[in-house]
Amino acid sequence: MLLNGIQIDDTFAEAFNMRGTRVIITAQNHKWAYHAANAMTGFATSVIGCGVEAGIERDLSTEETPDGRPGVSILMFAMGSKVLMQQLETRMGQCILTCPTAAAFAGIDSEDKISLGKHLRYFGDGFQTSKLIDGRRYWRIPVMDGEFLTEETTGMVRAIGGGNFLILATSQPAALAAAEVAIEAMKQVPNVIMPFPGGVVRSGSKVGSKYKTMFASTNDAFCPTLKGATNTELSPEIESVMEIVIDGLTFEDIALSMKVGIEAICKLGESSGVKRISAGNYGGKLGPHLFKLHDILNGSKS
Amino acid sequence: MSALTFNLNQTPRHSINCSNLTPDHLAGKTADEIAAMPINYGNSRVSVGDLFEISGTDTQHIVFKNTSNKLDYIGASMSSGTITVEGNAGAYLGFNLKNGEIHCHGNTEAFAACNMVNGLLHINGNTGDFLGAGSEGLRKGMRGGTVIVKGNAGDRVGDQMRRGLILIEGNAGDYCGSRMIAGTIGVLGNLGTYTAFNMHRGTLLLKKQPQLHATIQDCGTHTLPFLSLLFKSLAKYDTQFSKFSTQRVQRFVGDAAYKGNGELLILS
């Protein structure tokens, strides 16, 4: 398949089941909401080493937040509910409680609840106060800048992680420029995050390793410097590959964001240096969800 | 279907226990069956039909007309539907109310919203003592729901209140919020003496600062973000409180005599 001169491989991205949640962070202004949100989603690129994958979903206007202040929504994903709960509590305590003027609210409804301020309230040392407003429980914890307000719980839902595509280009700057264009377009899609730095990952991995202790290692088939040394997927003119990984609440959300991202790159045309779009296909070893690139771009469900 | 209407056919000399005249008890009954139901009148037992003219069929919407302050326990333990009292009601209006709505167009006697669990109780006139308190012997008062009083309330509003919201647009008497465990009481008018006496926790949201006793301590003026959530949640009710948007309050804490952590927030 060719789109504006760029080849789309007949392959699929392979994704796996995760547990996800959304938290709304508000503050005195967007600057401080972002300070809190950036801290909370820091060191959360991959479950392999970080426990969770997290990112800022989008800005929220004063009309969209529960307390009428500027805010951002955060999505956070983990491989299981236990890790998600533990990571959310830790990050709430270290990143939101500590951030001046920040408050945290549930961003998603679900029967499964995980704690936002449920245990954090004990920081109040007995001076904490609970308020039940419209059926939702909030905690007011006295802190040095005034009062930290947080909802007791947020919802936890079944989600999907690891949607991805690869950008194969003739140079490193060309691959990165194309990835940046894709990320800007994909940020407009709701219910997804691209958890890696700037949304882009250069160290795509394969499942397994020659070393017994490693369960993931460099994706040598897509490493341009190994073209002659391994069973490569790259043609001679490819000099750099960038990957965009997407976590989302549903299959449709991820598929839409992949479509938006790939189409944004293809609009740049062949002259951008991008030659091919491929995907991380692990031969069924990684997960049950298959995002077939051709089907996504044709608008049909895989 | 028209509302099931109980029109009092006499001026009662004794109190009438209306606890059986709720949507829960009357569902599926005909007017004749309802008229034949026994009802406590003072220390005697009479038929509902002896005291009320009954019309209408919609048992989910009950109306009391030509009412008296002898009509006690209206809406007791009700869990659905609405009751409208077109006049005054007696004591224990909305006793143990579990859900649904009660609108009283007139005044009520004491112990309105006693032991209330959930739902909405709206009183257009004044109400007596012990609004939202617990019944005798209980260690907890109102446990949830919303009470709106357009007029004044008597003494001991929210005594031992455990949860829920009481909004009084007029004045409240002495000992407002006494022994309060949690929940929120708002008063726009004046308060009597010993406000927050032995208050454990909970919030008194006041427009005017009352005379406070020595064990209620001033914590200064602050901006409290939770107030925006509270006022926003009141938009659905017919109350002056929904018109507030300030988060700026003077905060008092007490009752220190009880090592209490209750708060009085004076809106600025």
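Nothing here was measured: the structure is a model prediction, and the numbers come from that model.

What counts, and where the lines are drawn
- Residues numbered from 1 in each chain as written.
- Chains lettered and ligands numbered in written order.
- Predicted model: local features only at pLDDT ≥ 70, side-chain atom pairs only at ≥ 80, totals over all residues.
- Helix = DSSP H or I, 4+ residues; strand = E, 2+ residues; numbered from the N terminus.
- Rg over C-alpha atoms; globule rule 2.2 N^0.38 Å.
- Buried ≥ 20, exposed ≤ 12 C-beta atoms within 10 Å, placed from the backbone.
- Contact = placed C-beta atoms within 7 Å.
- Axes fitted to C-alpha atoms, helices over the stretch in contact; angles between N-to-C directions.
- Parallel < 35°, antiparallel > 145°, perpendicular 65-115°, else oblique.
- Left-handed = near helix turned anticlockwise from the far one by under 90°.
- Nonpolar A, V, L, I, M, F, W, Y, C, P; charged D, E, K, R; others polar.
- Pairing = 2+ DSSP bridges.
- Core = buried A, V, L, I, M, F, W, Y, C linked by C-beta atoms within 7 Å.

Draft legend 1. How the structure looks around the overall build of chain A. Each helix and strand counted, chain A has six helices and 17 strands in total. Computed over the C-alpha atoms, the radius of gyration of chain A is 21 Å, within 12% of the 19 Å expected from 2.2 N^0.38 for a compact globule of 302 residues. Per-residue burial over chain A gives 45% buried out of 302 residues. The contacts of chain A with a sequence gap of at least 6 include a subset with a gap of at least 24, amounting to 73%.

Draft legend 2. Region of interest: the packing of helix α1 (residues 30-40) of chain A against helix α3 (residues 81-96) of chain A. Residues and elements named next belong to chain A. Taken N-terminus to C-terminus, the directions of α1 and α3 make an angle of 140°; their axes are 9 Å apart at the nearest point. Looking at the two axes, α1 sits oblique to α3. The two elements α1 and α3 cross, and the hand of that crossing is right-handed. Residues A36, A39 and M40 of α1 form the contact with α3, whose participating residues are R91, C95 and I96. Taken together, the residues of the contact of α1 with α3 sort by class into five nonpolar, no polar and one charged.

Draft legend 3. Structural context of the interface of chain B and chain A. With eleven residues of chain B in contact, the opposing surface of chain A contributes 14 residues. At the level of elements, β15 (217-223) and α4 (226-233) of chain B are the ones that each hand at least two residues to the side of chain B that touches chain A. Top contributing element to the side of chain B that touches chain A by residue count: α4 of chain B, with five residues. Residue composition of the side of chain B that touches chain A, by class: five nonpolar, five polar and one charged.

Draft legend 4. Spotlight on unusual backbone geometry. Residue and element names in this part refer to chain B. Residue D255 is bonded to the preceding G254 through a cis peptide linkage, with omega at 5°. Looking at the secondary structure, you find D255 in the loop between β16 (248-254) and β17 (262-267). The backbone of F130 shows a phi angle near 60°, a positive value even though the residue is not glycine. Here F130 shows up in the loop between β10 (120-123) and β11 (143-149).

Draft legend 5. View of the packing of helix α4 (residues 172-186) of chain A against helix α5 (residues 251-268) of chain A. All names here are of chain A. Contact geometry for α4 and α5: axes closest at 8 Å, N-to-C directions at 135°. Put simply, α4 runs oblique to α5. The chirality of how α4 crosses α5 is right-handed. Residue-level contacts link A178, V181, A182, A185 and M186 of α4 to S257, V260, G261, A264, I265 and L268 of α5. Among the residues making up the contact of α4 with α5, the classes are represented as nine nonpolar, two polar and no charged.

Draft legend 6. Here's a closer look at the pairing of strand β5 (residues 71-78) of chain A. All names here are of chain A. Burial within β5 is extensive, with eight of its eight residues counted as buried. Of the two faces of β5, the one lined by G71, S73, L75 and F77 and the one lined by V72, I74, M76 and A78 are each fully buried. As judged from the eight bridges shared by strand β3 (residues 12-26) and β5, these two strands associate in the antiparallel manner. For T26, the partnering residue across the bridge sits in β5 and is G71.

Draft legend 7. Spatial organisation of the pairing of strand β6 (residues 103-106) of chain A. All names here are of chain A. A two-sided burial pattern is seen for β6, the buried positions comprising A103 and F105 on one face and A104 and A106 on the other. Relative to β6, β3 runs antiparallel, the two sharing four bridges. Directly across from T26, in β6, lies its bridge partner A103.

Draft legend 8. Seen up close, the nonpolar core. In this structure, I25, A36 and I167 of chain A together with L121 and L131 of chain B are the most contacted members of the largest nonpolar core, which totals 160 residues. The dominant element in this core, judged by the number of residues it contributes, is strand β11 (residues 153-169) of chain A, at eight residues. Apart from the residues within four sequence positions on either side, I167 of chain A is in contact with A175, A178, A179, V241, M242, I265, V274 and I277 of chain A.

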